[in-house]
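# Reading the structure
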2 protein chains.
Amino acid sequence: MSKSETKTSSAKNAVVAKARFARIRNDHAKELAEDYLEMIDDLTSANGEARAVDIANQLGVSHVTVTKTVARLKRDGLVTSQPYRSIFLTPKGKRIADNARRRHQTVLQFLLALGVPADSAEIDAEGIEHHISPATLKAMREFTKKNA
Amino acid sequence: MSKSETKTSSAKNAVVAKARFARIRNDHAKELAEDYLEMIDDLTSANGEARAVDIANQLGVSHVTVTKTVARLKRDGLVTSQPYRSIFLTPKGKRIADNARRRHQTVLQFLLALGVPADSAEIDAEGIEHHISPATLKAMREFTKKNA
DNA sequence: TACAGAATATAGTCTATGCTATATTCGTAA
DNA sequence: TTACGAATATAGCATAGACTATATTCTGTA
Ligand SMILES: [Mn+2]
Ligand SMILES: [Mn+2]
Ligand SMILES: [Mn+2]
Ligand SMILES: [Mn+2]
């Protein structure tokens, strides 16, 4: 392999890696929002409302952290809230929550079908769900269907 | 279901969820370090040294970001470096890099065995790899072996 | 060898995500 | 109805991880 070929190959590798890590950084930027929105939707179903204190308790973070994160979700048009009131999803937030839940379930069911013990599957799914491309999601669904 | 049973069940759910999200936050805290260490090891193998500029180019971030992250790795005893010199793994850093690479490969090979197209598999593996419990890793290895 | 360009260092800034401490408001039980 | 405990708000702080702009140092080539 000539020096110029090595250089070209290195450059292409770098371009590919760059895109890969950019995708990961983007996934992370959306991750917390997806978990919050899914949780707000679940709490609303279960309790009739989503309170900051309940979100904080589920996540294991302080209520201040929740308040600040909810403020960002509000800024981004994903939830609405008034002082001292519970939190509501906007249509846009609800759409994201629904998609996140569907994807989360797909990953969880897949891990269970693969033979992962339930406790590990539930923990791993919480992290994995945010890094799944449509192609992988499709492959997971197909596997689960065949191995239910 | 009585009110007290509901409460107990809710409380247990919260405890379980809390642990789950704590694991995810911990995964994230280690994620960037793992990717850097793996990359430093790879660059050292490929080029004889790992320079900040190469790491920056692979990751698609500025060299300042790399410098600051490397400073944290140094603080944590995972790399060594002198001003204007390239970066080296400590034994501890090398151990983490090796484990990270093994796990990364396991996840990638698994996704390929599952039928995910190579480009998607490579991107998804970069994110998924940090959220895999030993139980899931084992299940993936077994699947890949049977479906190579 | 000298110098131009590449690499690295440093200063300063920003956002996201976490915390504690304190103040305020709400909601309910007595 | 009120008072107390729960919930929420707010101020202040910290760290990680990102950036630009500028200064310095290194290194390969002329
Ligand atoms: Mn989820
Ligand atoms: Mn999640
Ligand atoms: Mn990796
Ligand atoms: Mn990775």
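If you're wondering where the values come from, they're calculated on a predicted model, not measured in any experiment.

Rules and cut-offs
Residues numbered from 1 in each chain as written. Chains lettered and ligands numbered in written order. Predicted model: local features only at pLDDT ≥ 70, side-chain atom pairs only at ≥ 80, totals over all residues. Heavy atoms only, no water. Near = heavy atom within 4 Å. Polar contact = N/O pair within 3.5 Å; in protein donor to acceptor, adjacent residues only side chain to side chain. Helix = DSSP H or I, 4+ residues; strand = E, 2+ residues; numbered from the N terminus. Nonpolar A, V, L, I, M, F, W, Y, C, P; charged D, E, K, R; others polar. Contact = heavy atoms within 4.5 Å. Buried area = accessible area lost by both parts, 1.4 Å probe. Salt bridge = Lys/Arg side-chain N within 4 Å of Asp/Glu carboxyl O. Donors = N, O, S within 2.8 Å, 3.2 Å for Na, K, Ca; no water.

## Side note on the protein's contact with DNA strand C
Around DNA strand C, a shell composed of 19 residues is seen, among which Ser62(A), Thr65(A), Lys68(A), Arg72(A) and Val53(B) lie nearest. Backbone atoms, meaning sugar and phosphate, make up 68% of the atoms of DNA strand C lying within 4 Å of the protein. Here a phosphate oxygen of DNA strand C and a backbone polar atom of Ser62(A) are 2.8 Å apart. Contacts to DNA strand C include Tyr84(A), whose side-chain N or O atom sits 2.9 Å from a sugar or linking oxygen. At the level of elements, α3 (63-75) of chain A together with α2 (52-59) and α3 (63-75) of chain B are the ones that each hand at least two residues to the surface near DNA strand C. Broken down by element, the surface near DNA strand C gets its largest block of residues, five residues, from α3(A). Along the lines of polarity and charge, the residues of the surface near DNA strand C split into nine nonpolar, three polar and seven charged.

## Notes on the interface of chain A and chain B
Facing the 38 residues of chain A at the interface are 39 residues of chain B. The junction of chain A with chain B conceals about 3,300 Å² of combined surface from both sides, 64% of it contributed by carbon and sulfur atoms. Per-residue buried area on chain A facing chain B is highest for Arg20(A), Phe21(A) and Gln58(A); these three make up 16% of the total on that side. There are four salt bridges connecting chain A and chain B. A salt bridge links Glu126(B) to Arg20(A), with the shortest nitrogen-to-oxygen separation between them at 2.6 Å. When residues of the side of chain A that touches chain B are traced back to their parent elements, those giving at least two are α1 (3-47), α2 (52-59), α4 (91-114), α5 (118-128) and α6 (134-146) of chain A. Of all the elements, α1(A) adds the most residues to the side of chain A that touches chain B, at 13 residues. Partitioning the side of chain A that touches chain B into residue classes produces 19 nonpolar, ten polar and nine charged.

## Brief notes about the coordination of the manganese ion (ligand 3)
The protein atoms that coordinate the manganese ion (ligand 3) are Glu38(B) (OE), His104(B) (ND1), Glu129(B) (OE) and Glu129(B) (OE), at distances of 2.2 to 2.6 Å. Taken in sequence order, the residues that donate to the manganese ion (ligand 3) follow the motif E-x65-H-x24-E.

By themselves, these are just geometric observations and shouldn't be taken as functional.
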